[in-house]
Amino acid sequence: MTATRPIESLSAEDAADELATLAKILHDANNAYHTADSPKISDADYDALKRRNADIETRFPELKRSDSPTEIVGAAPADGFSKVTHAQRMLSLGNAFTDEDVAEFDVSIRKYLGLTADQPLHYTAEPKIDGLSLSLRYENGQFVQAATRGDGQTGENVTANARTISDIPQTLSNAPDILEVRGEVYMSHEDFAALNTRQAEAGGKPFANPRNAAAGSLRQLDSLVTAARPLRFFAYAWGVLSDPLAEAQFDAIGRLKALGFQTNPLTALCHGPDDMIAHYQKIEAQRAALGYDIDGVVYKVNALDLQGRLGFRSTTPRWAIAHKFPAELAWTWLEAIDIQVGRTGALSPVARLNPVTVGGVVVSNATLHNADYIAGRDNKGETIREGKDIRVGDWVQVYRAGDVIPKVADVDLSKRPSDAVAFEFPEICPECQSPALREEGDAVHRCTGGMICPAQAVEKLKHFVSRAAFDIEGLGAKQVEQFYSDQWIAEPNDIFTLKDRYGTGLQQLKNREGWGEKSADNLFQAIEDKRTIGLARVLFALGIRHVGEQASNLLARHFGSWDTLVTALDAAKEKSGDTWDTLLSIDGVGDVMAGSLVAAFANDAERASINRLAASLSIQDAEQLDTSGSSVAGKTVVFTGTLEKMTRAEAKARAEALGAKVSGSVSAKTDLVIAGPGAGSKAKKATDLGVDVIDEDAWLDLISGA
Ligand code: IVH
């Protein structure tokens, strides 16, 4: 199958034929790689064919096909890698943008730990590398596995690729038996520029920035390709350890350096917010000369025992924060304002811009938030941009901070075309022509079409299959859009009847373009695999407004089973009564969220769709936290009065970590009240209701060893 004729001797006709053949072979090979674990051709053959294709395209650029395989260079679909479950989750960081935010970070930590302003509290400060995080596992000094962060819980196994990175030691001496080192893979500016030149020479697409280049290179299915890409690695954290590295963050980093890892030379030990900000300024001043991208400074509480006490919120540690550099700005023309309709019917105005580079990234779209923002007002009706509205044709300032969607921040009125007209926000949904209403107190216009609105329906379906929801392998946003537009699926349950409808018979999935027998079977199997699924995921997947991942977890943990949850939501539909109160008593559930939830279940059409889905699934009771041995798991506790051994926030976090529900008010459902000095009406109410009341020491005894 490999064509070997010298390229110089090819006629244009031969070249076109060969490009067509190569496109087919390479696309097939690519599909085989992603949908089956059995590639049809070897990696070396694949590369050779790809090179041949690129060479022919270089000689006959006019013959380059619209489906040219050259375009599939780079980010390999995730399906090509096996999955790795992180024994300890890989988290992200909360952000600080101003000096005040940094001071507040220190205050909140002191408050949590119960430290006064004059007690010492040290932090490390180090550059925040703009790359992608990687977890490296060493067993008995041998490098055994590398995994990307993925969704924090499950990443991709990129061990073979990580072995090609020279900053990553293959063996360690004097290391803990089990050691997971975490850090950032990145590419230097110099290497990035050279790579893009090579890409361009080979007819490939250039990478937008070093981070994309690093990510694309690490996630190559062929580790030879990764080896040819100059990736680097800074170690800055760790996961599972058989022995501690040190007692303090700063020393632990020193230990990683001694073990042979690259650690950032700008890591410093700071003695409080002023010191941290001074170091931030020092790093910022050197930013342009570093030779690699950084997007801020990370502060971490130095004492590891304090880090342990502070613990984590759902996705970020309490003991660390990223102080981001100010956003990048650029000016360009606003060419159009389009309206996108989201999953909850929100109409979002999107600025279509004349493409402009903002901090190394080409930006052609930016958010305009809502009608008020365009008109020059904020959510409270107050003037922004000195009241200047935004019009199609305007010269606008685009602003980008980190991964945040770019915004249009300002308008230069001196450049406004004389015929520019004020933007009229549509009152009709552009997708389904239903009225788009703006409720009082809401900044957003919402389409009232519900599931008859194709945009809402398809966005809901995309959300349903997304990572944190059903996460069905082989069924991503693209497939959902195609199936929806061909009326193969209209609501979530249709996914679970797909095989019955398109597994046999006249129209079959395997006969669709881009699908084959194997990939169709794989999808049907992936769908089957998700019929059994946890309660929290199902709840989150429904895409109910205000009910995010964290809320879904809370609700699932509170109600335990699907039936209990549904019964409770039905009983609470009037938004009053005991069940409604119970819903509100869940810490983290407010009346807006609860209202949205009961309304979704009380809506006839939506409920019918939910019921159809539930009937297709086996919904597992909420996962219990690992509270084995915990004497308070499942109990509802209330803290009142002053606690003397720990702060209220710490007490609450510890109780929750042991599986208890912490409530703010005492009711007949309360199991236990922990009362400190000064406890008043809550302790009295508990006694009246016959609920146990104990003091802080008794509580600590109760949970010790749990
Ligand atoms: S510490 C538990 N330190 O930033 C916290 N992260 O926005 C672990 N990052 O996912 C992260 N430089 O990929 C830490 N010096 C640094 C970092 C750093 C870059 C990345 C990391 C993380 C992301 C969070």
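Note: the structure precedes this text.
Now for a look at the structure at hand. For every chain, the first residue of the written sequence is number 1, and numbering continues from 1 along that sequence. In keeping with the predicted nature of the model, local features appear solely for residues at pLDDT of at least 70, side-chain atom pairs appear and are counted solely at 80 or more, and the whole-chain, interface and lining totals rest on all residues. By convention in this description, side-chain values take in all heavy atoms of the structure and omit both hydrogens and water.

**With respect to the pattern of salt bridges**
A side-chain nitrogen of Lys or Arg and a carboxyl oxygen of Asp or Glu constitute a salt bridge if their distance falls within 4 Å. Under the counting rule described, the total for this entry stands at 33 salt bridges. Between Arg438 and Asp372 there is a salt bridge, with its nearest N and O atoms 2.7 Å apart. Residue Arg438 is located in the loop between β17 (436-437) and β18 (446-447), and its partner Asp372 is located in helix α11 (residues 371-375); the two are separated by 66 residues in the primary sequence. Residue Arg438 is classed as partly exposed on the basis of its relative accessible area of 36%. Residue Arg446 is joined to Asp442 by a salt bridge in which the shortest nitrogen-to-oxygen separation is 3.3 Å. Here a helix means four or more residues in a row that DSSP labels H or I, a strand means two or more in a row labelled E, and each is numbered from the N terminus. Relative accessibility decides the category of a residue: with a 1.4 Å probe and only protein chains considered, values under 20% of the type maximum give buried, values over 50% give exposed, and everything between is partly exposed.

**Things to note about the pairing of strand β21 (residues 636-640)**
Among the five residues in β21, five count as buried, and that is most of the element. In this structure, β21 lies alongside strand β22 (residues 661-662), joined through two bridges in parallel fashion. The partner of Val637 across the bridge, within β22, is Val662. Viewed with both strands pointing away, a crossover whose connecting path from the first strand over the helix to the second turns clockwise is right-handed. The parallel pair β21 and β22, bridged by helix α23 (residues 648-657), forms a crossover whose chirality is right-handed. By the convention used here, strands pair only if DSSP detects at least 2 bridges between them.

**Some points on the nonpolar core**
Judged by nonpolar contacts, the single largest core of 61 residues is most densely connected at Ile495, Trp562 and Leu583. Filtering out sequence-adjacent residues up to four positions away, Leu583 remains in contact with Leu555, Phe559, Leu569, Ala572, Val589, Ala594 and Val598. In these notes, a set of buried Ala, Val, Leu, Ile, Met, Phe, Trp, Tyr and Cys residues joined through side-chain atoms within 4.5 Å is what counts as a nonpolar core. Membership of the second largest hydrophobic core comes to 35 residues, among which are Leu136, Val158, Ala214 and Leu245. Between two residues, a contact is recorded if the distance between any of their heavy atoms is within 4.5 Å.

**A word on the sheet that holds strand β8 (residues 232-241)**
Pairing in this open sheet of four strands is antiparallel, and the strands run β5-β4-β7-β8 from one edge to the other. The strands lining the two open edges of the sheet, one partner per strand, are β5 (142-148) and β8. Mean inter-strand twist for the sheet, computed between neighbouring axes without regard to direction, equals 30°. Pairing between strand β7 (residues 178-186) and β8: seven bridges, direction antiparallel. In the sheet register, Glu184 faces β8, and the bridge partner there is Phe234. Between N-to-C directions, angles span 0 to 180 degrees; the directions come from axes that are lines fitted to C-alpha atoms, helices contributing only their stretch in contact.

**As for the site of the ligand**
Here, proximity means that at least one heavy atom of the residue falls within 4 Å of the molecule or strand. Neighbouring residues of the ligand: 15 residues in total, closest Glu126, Ile129, Arg149, Glu184 and Tyr236. Think of a polar contact as two N or O atoms within 3.5 Å of one another; within protein, one of them needs to be a possible hydrogen donor and the other a possible acceptor, and neighboring residues in sequence only count if both atoms come from side chains. Measuring from a nitrogen atom of the ligand, one finds a backbone N or O atom of Pro127 at 3.2 Å. Protein contact buries 88% of the 530 Å² of open area that the ligand shows by itself. Here the shell around the ligand takes four residues from strand β3 (residues 123-129), the largest share from any one element. Only the protein chains shown count as cover for residues, and the accessible areas themselves come from Shrake-Rupley with a 1.4 Å probe.

**Some points on the packing of helix α3 (residues 99-113) against helix α9 (residues 273-286)**
Packing of α3 against α9 brings their axes to within 9 Å, and their N-to-C directions diverge by 140°. When the axis of α3 is compared with that of α9, the two are oblique. Of the two possible hands of crossing, α3 and α9 adopt the one that is right-handed. Between α3 and α9, the residues in contact are Asp99, Val102, Ala103, Phe105 and Asp106 and Pro273, Met276 and Ile277, respectively. A class-by-class count of the residues in the contact of α3 with α9 yields six nonpolar, no polar and two charged. Reported orientations rely on four angle classes, namely roughly parallel under 35 degrees, roughly antiparallel over 145, roughly perpendicular from 65 to 115, and oblique for the rest. Should the near helix be turned anticlockwise from the far one by less than a right angle, the crossing is termed left-handed; should it be turned clockwise, right-handed. As a working rule, the residues Ala, Val, Leu, Ile, Met, Phe, Trp, Tyr, Cys and Pro are called nonpolar, Asp, Glu, Lys and Arg charged, and the rest polar, with Gly in that last group.

**Regarding unusual backbone geometry**
One non-glycine residue, Asn174, lies in the positive phi region at around 60°. Note on placement: Asn174 falls in the loop between α4 (159-162) and β7. With phi around 45°, Arg385 is a residue other than glycine that occupies positive phi space. Among the structural elements, Arg385 can be located in the loop between α11 and β15 (395-400). On the accessibility criterion, Arg385 (10% relative accessible area) is buried.

**Some words on the side chain of Thr582**
By secondary structure assignment, the location of Thr582 is in helix α20 (residues 578-585). Setting aside chain neighbours within four positions, we find Thr582 in contact with His558 and Lys669.

**Focus on the packing of aromatic side chains**
The pairing test for Phe, Tyr and Trp rings, Trp by its six-membered ring, is centres within 6.5 Å, and the orientation test on the planes gives stacked under 30 degrees, edge-to-face over 60, and tilted for anything in between. One pass over the structure, following the stated rule, counts 18 aromatic pairs. Through a chain of ring-to-ring contacts, the aromatic side chains of Phe483, Trp488, Tyr502 and Trp515 assemble into a single cluster. Our definition puts a charge over a ring when NZ of Lys or CZ of Arg is within 6 Å of the ring centre and also within 35 degrees of the ring normal. Above the ring of Tyr373, the side-chain terminus of Arg385 is found at 4.8 Å from the ring centroid. Note that Arg512 overlies the ring of Trp488, its terminal NZ or CZ placed 4.6 Å from the centroid.

**Observations regarding the sheet that holds strand β9 (residues 268-270)**
Read from one edge to the other, the open sheet built from five strands follows the order β2-β11-β10-β3-β9, with strand pairing classed as mixed. Edge positions in the sheet fall to β2 (94-96) and β9, since each has one partner strand and no second. This sheet shows a mean twist of 35° between the axes of neighbouring strands, independent of strand direction. With five bridges joining them, strand β10 (residues 294-301) and strand β11 (residues 320-324) adopt antiparallel strand pairing. When the sheet's bridge partners are listed, Val297 is paired in β11 with His323. On the sheet, α3 packs against β2, β3, β10 and β11 and is oriented at approximately 175° with respect to β11.

**Observations regarding the pairing of β11**
The buried fraction of β11 is high, at five of five residues. Every second residue of β11 is oriented toward a common face, with Ala320, Ala322 and Lys324 on one face and Ile321 and His323 on the other, all of them buried. Where β2 lies against β11, three bridges are found, and the strand directions are parallel. Of the residues in β11, the one forming a bridge with Gly94 is Ile321.

**Examining helix α22 (residues 604-616)**
Here the expected span of a helix is defined as 1.5 Å times the quantity of residues minus one. Helix length check: α22 (13 residues) gives 19 Å between terminal C-alpha atoms against 18 Å at 1.5 Å per residue, within 8%. Buried within α22 we find Arg607, Ser609, Ile610, Leu613, Ala614 and Ser616. If you follow the buried residues of α22, they end up packed against α12 (454-465), α14 (492-496), α19 (562-571), α21 (591-602) and β20 (618-620). In this structure Asn603 caps α22, since a side-chain oxygen of it lies 3.1 Å from the backbone nitrogen of Ala605.

**Details of the environment of Arg391**
Position of Arg391 among the secondary structure elements: in the loop between α11 and β15. It is 10.0 Å that separates the C-alpha atoms of Arg391 and Leu413, two residues lying 22 residues apart in sequence. For Arg391, the contacting residues outside a window of four places in its chain are Leu334, Arg416, Ala420, Val421 and Ala422. Side-chain polar atoms of Arg391 contact the side chain of Asp389, separated by 2.9 Å. At a separation of 3.1 Å, a polar atom in the side chain of Arg391 contacts the main-chain carbonyl oxygen of Ala420.

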